[in-house]
Each structure stands twice: as C-alpha cells, then as structure tokens.
Amino acid sequence: MSMGAWTRWCARLEEAWNRHIRYPELYRQLDAMRADFQARTAWVDELTDEEAEEMLRGLAACIDAMQDGGSEVPEHPEGTP
C-alpha cells in the first residue's frame, strides 16, 4: 500500500470515527433498528430451498394479480379521491 493510499484510508477512518462520536444517539438508533430487523427476519434463514422457492412463486403470482387488477382501476383527475 502506498503512503498516499494509507493516508487517505486513515483520513476516511478518522472521519467515520468522528461521525460516530458526533452522533452517538443516531448510531444507537441505527444499531437498534438493525437488530430489530435481523430479529424479525431470522425465520427466512431457516427456510429450506423448496420453501423459499414456493414463497417466491406465491409472491410472483400475487404481484401479477395486483398488476392485472390495477389496470382496471379508473383514473381520477389530479386532486380528486
């Protein structure tokens, strides 16, 4: 690694550390949200390949049905419900 690359890497690391120190509450909230997301989606990791494929087929069919049904919805002029 050249000296210039090392200096740039150190500067980026210092900048990231300063952001972390400057906004600790924001990073705490981000960490909490990340942990919550991982907890809510952990079941996906336990799916077998067959179950995942079945879920994706069902999702594709649902999206197709929504798109087909969406074309029948009458258009409203701007600003009307």
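Look a little higher up for the structure.
Residues numbered from 1 in each chain as written. Predicted model: local features only at pLDDT ≥ 70, side-chain atom pairs only at ≥ 80, totals over all residues. Heavy atoms only, no water.

S.K.: Sorry if this is basic, but what is going on with helix 2 (residues 24–45) here?
M.R.: Side chains of residues three or four places apart in an α-helix project in the same direction, reflecting 3.6 residues per turn. In a regular helix each residue adds 1.5 Å, so 22 residues correspond to 32 Å; helix 2 covers 31 Å between its end C-alpha atoms and thus fits that length. Considering bend angle alone, the principal kink of helix 2 is centred on A39 and spans about 35°. (Helix = DSSP H or I, 4+ residues; strand = E, 2+ residues; numbered from the N terminus. Expected span 1.5 Å × (residues − 1). Bend = angle between axes of the 7 residues up to and from the residue.)

S.K.: Hey, could you run me through a nonpolar patch on the surface in this one?
M.R.: A surface patch of nonpolar side chains, about 480 Å² in accessible area, is lined by M3, W6, W9 and L13. Inspection of the secondary structure puts W6 in helix 1 (residues 3–22). Under the relative-accessibility criterion, W6 is labelled partly exposed at 42%. (Patch = residues over 30% accessible without salt bridge, like charges linked within 9 Å, V, L, I, M, F, W, Y side chains within 5 Å. Areas by Shrake-Rupley, 256 points an atom, 1.4 Å probe, with all protein chains shown as cover. Salt bridge = Lys/Arg side-chain N within 4 Å of Asp/Glu carboxyl O. Buried < 20%, exposed > 50% of the residue type's maximum accessible area, 1.4 Å probe, protein only.)

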